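Examining the three-dimensional arrangement
So the chains spell out like this:
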Amino acid sequence: MLNKKNIILLIVTVFATTMAVVTQARENINIVGSSTVFPFATVVAETFGKKTGMPTPKVESTGSGGGMKLFCKGNGINTPDITNSSRRIKNAEFEKCHKNGVKNITEVLVGFDGIAIANSKYSPIFNLSLKDIYLALADKVPASVAYKDLNMSGLMIDNPFTRWSQINKNLPDIAIRVLGPPPTSGTRDALQELAVEGGCKTYPFMRIMKKEDKKQYKKLCRTIREDGHFVEMGENDNLIIQKLVNDRDVLGIFGFSFLEQNSDKVQGSSVNGNAITFENIANGSYPISRPLYFYIKNSHRGKIRGLNEYIAEFVNEDTFGEEGYLVDKGLIPSSKINRNKFANDAMDSVNLEL
Amino acid sequence: MNNIEIVQKGLKKRYAKERRFKAYGVFSIIISLSFLAFLLFDIALKAAPAFTQTYIKLDIDFSHKVLRINEKSSYTKDELFELPYHKLPSKSLYQLFPGIENRKQKKALRKLVSSGVRYNLRNMVIKNSKLIGTSKSIWVLADDDIDSLVKGLIDRNIPEADRRVKDFQIAWIDKLQLENRVESRFNINFFTSGDSREPEQAGILGALKGSLYTMLITLLLSFPIGVAAAVYLEEFAHKNNWLVDMIEVNINNLAAVPSIVFGILGLAVYINLFGVPRSAPLAGGLVLGLMTLPIIIITTRAAIKSVPPSIREAALGLGASKMQVIIHHVLPLSMPGILTGSIIGMAQALGETAPLLMIGMVAFVADIPQGFFDPSTVLPVQIYIWSDSPERSFIALTSAAIIMLLVFLFLMNLLAIILRKKFETRW
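Residues numbered from 1 in each chain as written. Chains lettered and ligands numbered in written order. Predicted model: local features only at pLDDT ≥ 70, side-chain atom pairs only at ≥ 80, totals over all residues. Heavy atoms only, no water.

**Notes on the packing of helix α10 (residues 205-236) of chain B against helix α17 (residues 379-387) of chain B**
All names here are of chain B. Where α10 contacts α17, the axes come no closer than 8 Å and their chain directions differ by 145 degrees. The residues of α17 that touch α10, namely those facing Ala207, Leu208 and Ser211, are Leu379, Pro380 and Gln382. Its residues assigned to classes, the contact of α10 with α17 comprises four nonpolar, two polar and no charged. (Axes fitted to C-alpha atoms, helices over the stretch in contact; angles between N-to-C directions. Helix = DSSP H or I, 4+ residues; strand = E, 2+ residues; numbered from the N terminus. Contact = heavy atoms within 4.5 Å. Nonpolar A, V, L, I, M, F, W, Y, C, P; charged D, E, K, R; others polar.)

In structure tokens, the structure reads:
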């Protein structure tokens, strides 16, 4: 029965090779996290590698939540050194990090990302308010608004709007069709929390509900309709742009850097009267923008070669400043004060406290 | 009416039916071929711009003053590494277009050439330090936007505000073209470098090598184990034994398990338990090997079954042992079938991304992997990452990467056909 022996022998060999690499030291920096920060982190990683001649950091696109999970697993050398995030670390995540021994974390604000609601260049520009976005995309809307009957205040009904003109007379008379990101995406979180909830909040009885029943408020104000007027498109923003070119009556939702690269094909709608421009996002007047962060595991400093140098490259004015190369890639830089603060925090390993 | 007449009467109808039946088949073939042709044509058309690259001729002044280094007879590598090389292309461009004071325009001027040029110049100087103090005409990579303009992918007629390249930049390029300083060359970079976030510097070699290493591990794991398991199950295992039956059913089920499940298994067992480095071809190959294993077992068993019993009986009759029968006769005769099955399994593994997501191979890796333990990606992952990048020039690179993946697959299939022909025996 030589074959049986062979099988055993082979299994042993495979296990032996895998065991042999257990104690291998890591040569390059290991970065995980948000797909929105990915395009920026990769540019910094590449520049760092070329400039210093050290191995280029490996950047994985796992999503903000997935990145935190890997990051907070522990202090072992196999865990990531940095995680990128398109939102601030949550309390639960911070506690989990602490529970697993990851106690020294430094937070760095990279800058901001605007979220565009765009359509084809050949259609008229949409002029939306947050309220319009809420009424077009929410799963449930107030009956008093839908039927223009004040006696029905407080009652919520399934979103009856099918055309933009039903929401606002100034909007075109075309069917509501919006292509957007799936729930796993940070862009989707921002759409729900900043745009849809932002419009929802404008109703006084919703603000009352927020105080009385926060859970119900969140459910009503953040849930996006699923009756076909909002279509989930997966994480590929280039695909959404292609659809917008082919169909002039649909709107698409994606990050500002994609809008900038495709300004000959698509245009961003203005929101609350503010066009989506670099300046408007930077000064906060364009309402749908979110902060981008990365988090450093301070226990890995000094253990992983080049980690401090990579961080220094990232918080350099030539990188994330107003004239930095990340701006060419579509990043909206934060204010000078913030940049100074976070650059100092990053270099001094200031621990994050929540 | 006799029988003949009845048959004759329906004959015309039956012939027509048969002709229609054949026509359906031909129609189906035409449909599938036209789909394939359309797909290939579309990819080739989109990929075409990726195979050429625009270069700009600059007169680079490597003087000591510009490089801020004192005259010496020899320099150490560290000294040369740190010099301000970014000034070299900028200075040359400022000389070509004097009188530009506007800060924004100055920045645009510097960005005519790729951001990687300074590192290329650094490597040139480190290789040959005699360059310092001289000046030389050098063809350097153009930026991706400029490259698109030269290739005619940017429409000059649309309003300036909607264009990535502004009117003044177009005027610069036109001037450079008149002076014969712009040239389109074969994009050798694409085949010799790893991934980059700048489309003009991005190459496929890293992903290609990653795929190669991963496939090697997959083959080494799944082929011997798969063939040995199949031989045992087919030749030695007792029939009608409940344990053997159960193993058989489970192998068939495993072949149909969605690939992401193997990724989760790989993460739990290989990475978390055995500590295989994340994102390494070793981890990827082991996971894909598990995925390929049931396919190889099933096809190998089918191939062994198809060896005529007369061959086995003749060998046994001449006094061969069971092992001799298998090694001398059954395995060589079933080899073509085994190889075909293995290659199909490997081809499937080559195109997988889902299980690799779990073990961290869906990542930006700029350095070219040098072995089984270095972080790397594979071809389909590279396609995915490029297709999701904002820069417009990545569209062409995506299609070019698809072509490379198809070429890889084609070579694997070719190998299978050659091996099959070599081992094929007729009886």
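Still to come is the rest of the account.
**Re the interface of chain B and chain A**
Contacts between chain B and chain A engage 47 residues on the former and 49 residues on the latter. Its largest share of buried area at the contact with chain A, chain B owes to Phe274, Phe364 and Arg392 of chain B, together 15% of the area lost on that side. For the interface between chain B and chain A, the tally reads eight salt bridges. Two residues, aspartate 328 of chain A and lysine 107 of chain B, come together in a salt bridge whose shortest N-O distance is 3.3 Å. Run the count over chain B and chain A and you get 22 residue pairs in polar contact (both at pLDDT 80 or more). Looking at the side of chain B that touches chain A, the elements with two or more residues in it are α5 (103-110), α6 (117-127), α10, α13 (281-305), β4 (363-364) and α17 of chain B. (Buried area = accessible area lost by both parts, 1.4 Å probe. Salt bridge = Lys/Arg side-chain N within 4 Å of Asp/Glu carboxyl O. Polar contact = N/O pair within 3.5 Å; in protein donor to acceptor, adjacent residues only side chain to side chain.)

**A word on the sheet that holds strand β1 (residues 52-61) of chain B**
Residue and element names in this part refer to chain B. Overall, antiparallel pairing links the three strands, which are arranged β2-β1-β3 in an open sheet. Edge positions in the sheet fall to β2 (135-141) and β3 (182-186), since each has one partner strand and no second. Taken pair by pair, the neighbouring strands of this sheet meet at an average axis angle of 35 degrees, ignoring direction. Pairing of β1 with β3 involves five bridges; the strand directions are antiparallel. Counterpart to glutamine 53 in the pairing with β3 is arginine 185. (Pairing = 2+ DSSP bridges.)

**Brief notes about helix α1 (residues 3-47) of chain B**
The periodicity of an α-helix, 3.6 residues per turn, causes residues three or four positions apart to be oriented the same way. In this model α1 of chain B runs 65 Å from its N-terminal to its C-terminal C-alpha over 45 residues, within 8% of the 66 Å that 1.5 Å per residue would give. At leucine 11 of chain B, α1 of chain B is deflected by roughly 40 degrees, the largest bend along its length. (Expected span 1.5 Å × (residues − 1). Bend = angle between axes of the 7 residues up to and from the residue.)

**Points about the domain arrangement of chain A**
Residues and elements named next belong to chain A. Each assigned domain of chain A is listed with its residue range as follows: domain 1 (27-113 + 290-347) and domain 2 (114-289). On a C-alpha basis, the centroid separation for the pair domain 1 and domain 2 is 30 Å. In total, domain 1 and domain 2 occlude about 1000 Å² of area from one another, counting both sides; carbon and sulfur atoms represent 55% of this. Of all residues in domain 1, Asp113, Arg290 and Ile332 give up the largest surface area on contact with domain 2, accounting jointly for 56% of the area buried on that side. Our count for the contact surface shared by domain 1 and domain 2 stands at zero salt bridges. (Domains from an automatic or database assignment.)

**Some details on the domain arrangement of chain B**
Residues and elements named next belong to chain B. Its domain assignment divides chain B into domain 1 (3-48), domain 2 (52-187) and domain 3 (205-423). One C-alpha centre belongs to domain 1, the other to domain 3; they are set 35 Å apart. Here domain 1 packs against domain 3, burying approximately 430 Å² in sum over the two surfaces, 83% of which is carbon and sulfur. Taken as a group, Ile43, Lys46 and Ala47 account for 86% of the area that domain 1 buries against domain 3, more than any other trio of residues on that side. For the interface between domain 1 and domain 3, the tally reads zero salt bridges. There are zero residue pairs in polar contact (both at pLDDT 80 or more) connecting domain 1 and domain 3. Residue composition of the side of domain 1 that touches domain 3, grouped by class: four nonpolar, no polar and one charged.

**Observations regarding the pattern of salt bridges**
Under the defined criterion, the tally for this structure stands at 40 salt bridges over all chains. Between arginine 222 of chain A and glutamate 193 of chain A there is a salt bridge whose closest N-O contact spans 4.0 Å. Of this pair, arginine 222 of chain A sits in helix α10 (residues 214-222) while glutamate 193 of chain A is found in helix α8 (residues 186-200), placing the two residues 29 residues apart along the sequence. Residue arginine 181 of chain B pairs with aspartate 59 of chain B through a salt bridge whose shortest N-O separation is 2.9 Å. With arginine 181 of chain B in the loop between α8 (167-178) and β3 and aspartate 59 of chain B in strand β1, the pair connects residues that are 122 residues apart, well separated along the chain. On the basis of relative accessibility, which here comes to 12%, the residue arginine 181 of chain B falls in the buried class. Several salt bridges share partner residues, and in doing so they unite Glu323 and Asp328 of chain A together with Arg103, Lys107 and Lys111 of chain B into one network. (Buried < 20%, exposed > 50% of the residue type's maximum accessible area, 1.4 Å probe, protein only.)

**Digging into a nonpolar patch on the surface**
A contiguous nonpolar surface patch, about 460 Å² in accessible area, is contributed by Ile29, Leu33, Leu36, Leu40 and Leu406 of chain B. Per-element tally for the nonpolar patch: the top contributor is α1 of chain B, with four residues. (Patch = residues over 30% accessible without salt bridge, like charges linked within 9 Å, V, L, I, M, F, W, Y side chains within 5 Å. Areas by Shrake-Rupley, 256 points an atom, 1.4 Å probe, with all protein chains shown as cover.)

**A short note on the pairing of strand β13 (residues 289-297) of chain A**
A regular strand places its side chains so that they alternate between the two faces of the sheet. All names here are of chain A. Counting buried residues along β13, eight of its nine residues qualify, which places the element largely inside the surrounding structure. Pairing of strand β3 (residues 82-85) with β13 involves four bridges; the strand directions are antiparallel. Bridged to threonine 83 within β13 is tyrosine 295. As paired elements, strand β4 (residues 105-120) and β13 share nine bridges and run antiparallel to each other. Note on β13: the bridge partner recorded for glycine 111 is leucine 292.

**A closer look at the nonpolar core**
Ranked by size, the top nonpolar core spans 97 residues in total, and within it Ile82, Tyr295, Tyr310, Phe314 and Leu326 of chain A together with Ile359 and Trp386 of chain B carry the most contacts. If one sorts the elements of this core by residue count, helix α18 (residues 394-423) of chain B sits on top with nine residues. Core analysis: the second largest hydrophobic core is formed by 57 residues, Ile157, Ile174, Tyr217 and Met233 of chain A among them. (Core = buried A, V, L, I, M, F, W, Y, C linked by side-chain atoms within 4.5 Å.)

**Considering a positive patch on the surface**
Together, Lys90, Lys201, Lys210, Lys214 and Lys218 of chain A make up a positively charged patch on the protein surface. Within the element layout of this structure, lysine 214 of chain A appears in helix α10. (Lys, Arg positive; Asp, Glu negative; His and termini not counted. Charge placed at Lys NZ, Arg CZ, Asp CG, Glu CD.)

**Overview of the side chain of asparagine 28 of chain A**
Tracing the sequence through the fold places asparagine 28 of chain A in the loop between α1 (2-20) and β1 (30-33). Excluding residues within four positions of it along the chain, asparagine 28 of chain A makes contact with Pro55, Thr56, Lys58 and Ile304 of chain A together with Pro375 of chain B.

**Digging into the packing of aromatic side chains**
All names here are of chain A. By the definition in use, this model includes 17 aromatic pairs over all chains. Ring geometry for tyrosine 134 and tyrosine 203: centres 6.0 Å apart, planes at 55 degrees, overall tilted. Taken together, the residues span a long stretch of sequence, with tyrosine 134 in helix α5 (residues 130-137) and tyrosine 203 in the loop between α8 and α9 (204-212) at a distance of 69 residues. For the residue pair tyrosine 134 and tyrosine 203, the accessibility class agrees, reading buried in each case. Ring geometry for tyrosine 203 and phenylalanine 205: centres 6.0 Å apart, planes at 35 degrees, overall tilted. Given the relative accessible area of 9%, tyrosine 203 is considered buried. With relative accessibility at 23%, the residue phenylalanine 205 sits in the partly exposed group. (Phe/Tyr/Trp six-rings, centres within 6.5 Å; stacked < 30°, edge-to-face > 60°.)

**A word on the state of the cysteines**
All names here are of chain A. Under the definition given, this model contains two disulfides over all chains. Note on cysteine connectivity: cysteine 72 is disulfide-linked to cysteine 97, with sulfurs 2.0 Å apart. In this structure, the disulfide formed by cysteine 72 and cysteine 97 twists by about -80 degrees around the S-S bond and is classed as left-handed. Here cysteine 72, found in the loop between α3 (64-71) and β3, pairs with cysteine 97, found in helix α4 (residues 91-99); they are 25 residues apart in sequence, far enough to count as distant. Summarising the burial analysis for this pair, cysteine 72 and cysteine 97 share the class buried. With a sulfur-sulfur separation of 1.7 Å, cysteine 200 is cross-linked through a disulfide to cysteine 221. Taking the sign of the S-S torsion, -55 degrees for the link of cysteine 200 and cysteine 221, the bridge is left-handed. Residue cysteine 200 is located in helix α8, and its partner cysteine 221 is located in helix α10; the two are separated by 21 residues in the primary sequence. (Disulfide = S-S within 2.5 Å.)

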